[in-house]
Amino acid sequence: AYMGGRRLADGAIVAEKPRWPRYLATGALLATLLATQPSHSSLLEHLESLAEHPSGLLGKLSSLASSLHASVGAESASYGLFRLGSLSGNHYLGILGTWIKLPAFAAVLPSSRRARGSAAASAASYMCTSSFEPAEQLVLLSVLLHLLWLTRPRCMVRHAVCSLDAVQRGRVWTLLTANASHAAFPHLLHNCIHLLQLGPLLHATLGCSDLLALMLTAALASSAASLLWNGVLGGRPKEGSLGASGVAMAMVAANAALYPRALVHVYGLELPAPHAALLYLVVDVVASSSGHGGGGVDASAHAGGAAVGYALARRWQRGLDLFPSF
């Protein structure tokens, strides 16, 4: 999440900013995408690492069997700035030196099975009947809200940026909506890579309901930490925060807590999960600093999400339910 610093006022005359910095940033992004496009062999390595991951995401095939299956059945093709791969009906996107599993679009609507129980349990069960996993649902929602930033920026500033001032004015929904709100495309891309890379692993470990509970709690904790640090302690009630970085950092921290010896492939590097957590934080700072309006980084939101992710993962390790009502 990064700080929202753009002020929109009717009737205000704002000097037009030079366009060359935007063109330069776009050119740098395209050059980076081209230079870091993954190879086909890296796809095979990624599939082998998934098969060996302790979450059991790809089943119980041995390392040798999974290697042979991937080397024979995996296919990939280059599209200049990225590479698309496939294996056994699953599709993968290779971008920025990282492979992520793409959502399946075959069945978008949830099943007609009705959920029973409390309202929270019913909502969680309804979302878990969708063909999309919770992390994939957040990615799709984030893409939709990014399109709204391009077409309805005033509306998004009002309803999808979380600040103490917004909450005091009654817009409490920003505590959640801000977590799917990305005004800048690099920020959106960076968080989507995190969510789609770690989401399937945590889904295989925790299950849909517990992962959904972790993500929602991390979203609220991320917003609350930002309100406390910036609005209450910092005396900046109008300073807002947006982005899914808090939820992404919760997943990074949860993965590090659950699998401290597992290797994580991130931006072309292979690191132990705890080391990757530190790298994710550094990359968050760099990527978010180019955000919309030139805002800085809301480290408090990142810290709030990471703390919740780590705490809930440790609770799950002890055999306790994350939330008894779920």
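Throughout, a residue's number is its position along its own chain's written sequence, starting from 1. pLDDT decides what is reported in this predicted model: residues at 70 or higher carry local features, side-chain atom pairs at 80 or more are listed and counted, and totals for whole chains, interfaces and linings draw on all residues regardless. Note: side-chain values were computed over all heavy atoms of the structure, leaving out hydrogens and water.

1. Details of the sheet that holds strand β5 (residues 98-101)
- Strand order in the open sheet formed by 4 strands is β2-β3-β4-β5, with antiparallel pairing between adjacent strands. Of all strands in the sheet, those with a lone pairing partner are β2 (75-78) and β5, marking the two edges. Each strand of the sheet is rotated relative to its neighbour by a mean of 20 degrees, with strand direction disregarded.
- Contacts are assigned to residue pairs that have any heavy atoms within 4.5 Å of one another. Simply put, an axis is a line fit to the C-alpha atoms, just over the touching stretch for a helix, and the angle between two N-to-C directions goes from 0 to 180 degrees. Comment: elements are numbered from the N terminus, with helices defined as DSSP H or I runs of at least four residues and strands as E runs of at least two. Here helix α2 (residues 40-52) sits on the sheet in contact with β2, β3 (83-87), β4 (90-95) and β5, set at roughly 140 degrees to β2.
- With respect to the sheet, helix α9 (residues 185-206) is in contact with β4 and β5, its orientation differing from that of β5 by roughly 65 degrees. Pairs of strands are assigned from DSSP output, requiring at least two bridges between the strands.

2. With respect to the state of the cysteines
- Any cysteine sulfur atom paired with another within 2.5 Å is treated as part of a disulfide. Applying the stated criterion across every chain, the model contains 1 disulfide.
- Across the disulfide from Cys 128 sits Cys 208; the S-S distance is 1.9 Å. On the sign convention where negative means left-handed, the S-S torsion of about -95 degrees between Cys 128 and Cys 208 marks this disulfide as left-handed. A residue pair is termed long-range when its members are at least 10 positions apart, and Cys 128 in helix α4 (residues 119-128) and Cys 208 in helix α10 (residues 208-233) qualify at 80 residues.
- What makes Cys 128 partly exposed here is its relative accessible area of 25%.
- Since its relative accessible area comes to 15%, Cys 208 is described here as buried. Each residue is assigned to one of three classes by its accessible area relative to the maximum for its type, calculated with a 1.4 Å probe on protein chains only: buried under 20%, partly exposed between the two thresholds, exposed over 50%.

3. A closer look at the pattern of salt bridges
- Think of a salt bridge as a Lys or Arg side-chain nitrogen and an Asp or Glu carboxyl oxygen that are within 4 Å of each other. The full count for this structure, using the stated rule, is 2 salt bridges.
- The residue Asp 165 makes a salt bridge to Arg 169 at a minimum N-O spacing of 3.0 Å.
- A relative accessible area of 17% places Asp 165 in the buried class.
- Of the residues examined, Arg 169 reaches a relative accessible area of 60% and is grouped as exposed.
- We note a salt bridge from Glu 239 to Arg 236, for which the minimum N-O separation is 2.7 Å.

4. So, a nonpolar patch on the surface
- Two joining distances apply to patches: 9 Å for like charges and 5 Å for nonpolar side chains (Val, Leu, Ile, Met, Phe, Trp, Tyr), and every residue must have over 30% relative accessible area and no salt bridge. Surface exposure here means Shrake-Rupley accessible area, sampled with a 1.4 Å probe, where a residue is shielded only by the protein chains that are shown. A cluster of nonpolar side chains, Leu 228, Trp 229, Val 232 and Leu 233, forms an exposed patch at the surface whose accessible area comes to about 450 Å².
- Of note, Trp 229 is situated in helix α10.
- According to the relative accessible area criterion, Trp 229 is exposed, its value standing at 53%.

5. Some words on the confidence of the model for the chain
- pLDDT is a residue-level measure of predictor confidence that goes from 0 to 100. Within the chain, residue pLDDT values average 80, and 77% of them lie at 70 or more.
- Per-residue pLDDT, averaged within each element of the chain, yields its smallest value for strand β1 (residues 2-4) (47) and its largest for helix α8 (residues 174-177) (96).
- A low-confidence stretch, residues 2-15 stays under pLDDT 50, and its non-local contacts, those more than four residues away or across chains, total 29 contacts.
- Scored below 50 in pLDDT, residues 106-116 shows 13 contacts in the model against residues more than four places distant or in partner chains.

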